[in-house]
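Per-entry structural report
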Amino acid sequence: MASDHVDVLIVGAGLSGVGAAVHLRQQCPGKTYTVLEARAAVGGTWDLFRYPGIRSDSDMYTLGYSFKPWTDPKAIADGDSIREYVRQTAREHGIGEHIRFHHRVLRAEWDSATARWTVHAHRDDTGEDMVLTCGFLFTNTGYYRYDEGYTPELPGVERYAGRLVHPQHWPADLDYAGKRVVVIGSGATAITLVPALAERAAHVTMLQRSPTYVISLPSRDALADALRRRLPAKAAYALVRWKNVALGVANFQLSRRAPALVKRFLRRAAKGRLPVGYDIDRHFSPRYDPWDQRLCVVPDGDLFTAVSDGRAAVVTDTIDTFTEQGIRLTSGTELPADLVVTATGLNLLALGGMTVVVDGTEVDLGATVAYKGMMLSGVPNFAMTIGYTNASWTLKADLVATYVCRLLRHLDATGEQIVTPLAPDSDQLEPIIDLKSGYVLRAVDRLPKQGPKAPWRLRQNYPRDVLMMRHGRLADSGVRFSRAGTPATDAAAEHPAPVA
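Residues numbered from 1 in each chain as written. Predicted model: local features only at pLDDT ≥ 70, side-chain atom pairs only at ≥ 80, totals over all residues. Heavy atoms only, no water.

1. Some remarks on the overall build of the protein chain
For the record, the criterion: The way it works is that DSSP assigns letters per residue, a run of H or I at least four long becomes a helix, a run of E at least two long becomes a strand, and they are numbered from the N terminus. When we talk radius of gyration, it's over C-alpha atoms, and the globule rule is simply 2.2 Å times the number of residues to the 0.38. Classification of residues uses two cut-offs on accessible area relative to the type maximum, computed with a 1.4 Å probe and protein chains only: under 20% is buried, over 50% is exposed, and between them is partly exposed. Contacts between residues were defined by any pair of non-hydrogen atoms, one from each residue, lying within 4.5 Å. Under the convention used here, a 1.4 Å probe and the Shrake-Rupley method define accessible areas, while residue burial counts only the protein chains that appear. Asp and Glu count as negative and Lys and Arg as positive, but His and the ends of the chain are not part of the count. Working definition for charges: the position is that of NZ of Lys, CZ of Arg, CG of Asp or CD of Glu.
For the protein chain, the helix and strand inventory stands at 14 helices and 27 strands. Against the 2.2 N^0.38 benchmark of 23 Å for 500 residues, the protein chain shows a C-alpha radius of gyration of 24 Å, consistent with a compact globule. Counting only C-alpha atoms and orienting by the principal axes, one finds that the protein chain spans roughly 70 × 50 × 45 Å. Across the 500 residues in the protein chain, those meeting the buried criterion constitute 55%. Pairs at least 24 residues apart make up 70% of the contacts formed inside the protein chain by residues separated by at least 6 positions. For the protein chain, the exposed area adds up to about 21000 Å²; of that, 51% sits on carbon and sulfur atoms. For the protein chain, the separation between the mean place of its 58 positive charges and that of its 54 negative charges on side chains is 7 Å.

The structure is reproduced here in structure tokens:
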């Protein structure tokens, strides 16, 4: 059993984890760090998912890192390009030599007497159990369960003679050319898969219980193309990034304040892309308001084009039963299928499934309250990255990493060793992820909560968060700073926050 100690232990070598390591190197160059990655490669989600058409559902000028301009012409990028972007970033900044692959973190134990985390990991390649210690634990694991996608109960599926595939585990050798394909689902994965599969399949049907909001956006950003010809890459990137941030914030705020107006706009936009007489209300007009669930982006209207060309169809109905040849719907319609793809969602798994223990007591994540959307009440020297639901993940990841670096420098400057968030004195708590999507609702009791106002409330507003995370006070009513020997439960009483 090996042991090691670093100042900062980063869990996860995906988009967020690599970014966190770069920020740490640049802003806290004296800190030692190690990155633990459960899988065998850099890239996280973008290395795991390999289904046809896999791409970003945010523009790459905001999904890209703040410190590394996205220079590919496509603003909505394919998975291979994003994976290479993350790996290139790791190579350029020397992150790779700090990554330990096949290290799955199982348990992290905080000891207030020594102001240290003891982290237990298992090496999936050798079977060894590893122990590392650190002063600060920074998790960048996302919130999806990587080893298992979500598949609901499918009546009669045992009778089906064709092939059944979940996108999270897409077989590399799967040949769907000339096949009749049914994709079950209506979220971002299904809407990505359908036009991609339709390029080679005989026909693709997207079977949905209820519609999702779909909006067509250009795969290239005209302003970015123009600015790149006239400005240095970093300047062009920054301008386009802020332009897209402003548009995203405006879209979200308008959706919240005038949902009926946004509904009409999205309906009209879909109608303009589909054949005359197409039943828009049945297939593309959800019952919920925009941004109660994420809007699905289709680059250059590829889904609408596939439907208009007859290569794909959308069917809104429920499954009565699978048959040997396909699916029989509640309406009595039969959908023949050589291949059925269950794009039915993902399972959430907070902190990559690790158990967190503070001074001998296991932490119930569902009972904690998130501070600034990144730390947990009662859990010292700990941060997690959870991206925005209404904007790109990396916008928030960059802010969280910057804030962690600010905290580390503040601890050094003040001689303190521990920072512990405190729960707000309020019963008005809500889930930290404020979507009504099925994958969120299934796990809501196991996720941290957020409070009624800042700093315990995530506002889904990047410009506002820039002010708070990059320039706001580090010492406020939501945290207490202390030294080794002060139990986490006593930190608030014994060490009131200093005036910033």
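2. Section: the confidence of the model for the protein chain
Selection rule: What pLDDT expresses is the predictor's confidence in each residue, scored from 0 to 100.
With 95% of its residues at a pLDDT of 70 or more, the protein chain shows a mean pLDDT of 91. Across residues 492-500, confidence stays below pLDDT 50; counting only partners more than four residues off in sequence or on other chains, it has 18 contacts.

3. Structural notes on unusual backbone geometry
Residue Pro-455 is bonded to the preceding Ala-454 through a cis peptide linkage, with omega at 5°. Relative to the helices and strands, Pro-455 resides in the loop between β26 (449-450) and α13 (462-471). Phi at Asp-359 is positive, roughly 50°, even though this residue is not glycine. Positive phi outside glycine occurs at Asn-381, with the angle close to 45°. Structurally, the position occupied by Asn-381 is in the loop between β22 (375-376) and β23 (382-384). With a relative accessible area of 2%, Asn-381 lands in the buried category.

4. Details of the packing of aromatic side chains
Here is the rule we go by: Only the six-membered ring of Trp is used, alongside the rings of Phe and Tyr, when aromatic pairs are assigned; centres must lie within 6.5 Å, and planes under 30 degrees apart are stacked while those over 60 apart are edge-to-face, with the rest tilted. In this scheme, the term charge over a ring applies when either NZ of a lysine or CZ of an arginine sits within 6 Å of the ring centre and within 35 degrees of the ring normal.
For the structure on display, the rule yields 14 aromatic pairs. Both rings, one in Tyr-61 and one in Tyr-237, keep their centres 6.3 Å apart while their planes meet at 50°; by these two values the pair is tilted. Residue Tyr-61 is found in helix α3 (residues 60-63), and its partner Tyr-237 is found in helix α7 (residues 233-257); the two are separated by 176 residues along the sequence. Comparing Tyr-61 with Tyr-237 shows no difference in burial state: the two are buried. A centroid spacing of 6.2 Å and a plane angle of 50° characterise the contact between Trp-117 and Phe-382, whose relative ring orientation is tilted. Note that Trp-117 is positioned in strand β5 (residues 116-123) and Phe-382 in strand β23, a separation of 265 residues in sequence. The exposure classification of Trp-117 matches that of Phe-382, with both residues buried. Among the aromatic side chains, those forming a connected cluster through ring pairs are Tyr-65, Phe-67, Trp-70 and Tyr-85. Taking NZ or CZ as reference, Arg-200 lies 4.6 Å from the ring centre of Tyr-176, over its face.

5. Description of the side chain of Glu-37
Heads up, the rule is: A carboxyl oxygen of Asp or Glu within 4 Å of a side-chain nitrogen of Lys or Arg is what we treat as a salt bridge. Polar contacts here mean pairs of N or O atoms no more than 3.5 Å apart (in protein, one a potential hydrogen donor and the other a potential acceptor; neighbouring residues in sequence count only if both atoms are side-chain atoms).
Mapped onto the elements, Glu-37 comes out in the loop between β2 (33-36) and α2 (45-48). Notably, Glu-37 is buried but unbridged: the nearest opposite-charge side chain belongs to Arg-39, and the N-O separation is 5.2 Å. Separated by 2.8 Å, the side chain of Glu-37 and the backbone nitrogen of Arg-39 make a polar contact. With near-sequence residues (within four places) excluded, Glu-37 lies in contact with Gly-12, Ala-13, Gly-14, Ile-99, Arg-100, Phe-101, His-102 and His-103.

6. Description of the layout of surface pockets
Condition: Of the grid points, spaced at 1 Å and generated over the protein atoms alone, those admitting a 1.4 Å probe that cannot get out make up cavities, while open sets with protein on both sides within 12 Å along at least five of seven lines make up pockets; any residue with an atom within 4 Å of a point is treated as lining. Grid points are joined across faces, edges and corners, and a volume is the space filled by probe spheres set on the points. For this scheme, ten residues count as nonpolar: Ala, Val, Leu, Ile, Met, Phe, Trp, Tyr, Cys and Pro. Four count as charged, namely Asp, Glu, Lys and Arg, and the remainder, Gly too, count as polar.
Within this model, the second largest pocket holds a volume of roughly 740 Å³. As for the second largest pocket, its lining consists of 31 residues, of which Asp-59, Leu-217, Asn-244, Leu-247 and Gly-248 are closest to the centre. A total of 7 residues in the lining of the second largest pocket trace back to one element, the largest contributor, which is α7. Classifying every residue of the lining of the second largest pocket by side-chain character gives 16 nonpolar, 9 polar and 6 charged.

7. Some details on the nonpolar core
The line we're drawing: In this text, buried Ala, Val, Leu, Ile, Met, Phe, Trp, Tyr and Cys residues form a nonpolar core when linked through side-chain atoms within 4.5 Å.
Of all hydrophobic cores here, the largest spans 136 residues; its most connected members are Trp-117 and Phe-138. Element by element, the count of residues in this core is highest for helix α11 (residues 393-414), at 12 residues. If you look at the next biggest cluster of nonpolar residues, it comprises 11 residues, including Tyr-160, Val-182, Ile-184 and Phe-322.

8. Things to note about the pairing of strand β9 (residues 180-184)
Inclusion rule: Pairing between strands requires that DSSP locate at least two bridges from one strand to the other. Convention used here: a crossover is right-handed provided that the path from the first strand, over the helix, to the second strand proceeds clockwise when the strands point away from the viewer.
In terms of burial, β9 is a largely internal element, 4 of the 5 residues being buried. Pairing between β9 and strand β10 (residues 203-208): 5 bridges, direction parallel. Within the sheet, the bridge partner assigned to Arg-180 lies in β10 and is His-203. On the question of chirality, the crossover connecting β9 to the parallel β10 by way of helix α5 (residues 188-198) is right-handed. Judged from the 4 bridges that link them, β9 and strand β17 (residues 339-342) form a sheet pairing that is parallel. Residue Val-181 lies in a different strand from β17, and its bridge partner there is Leu-339.

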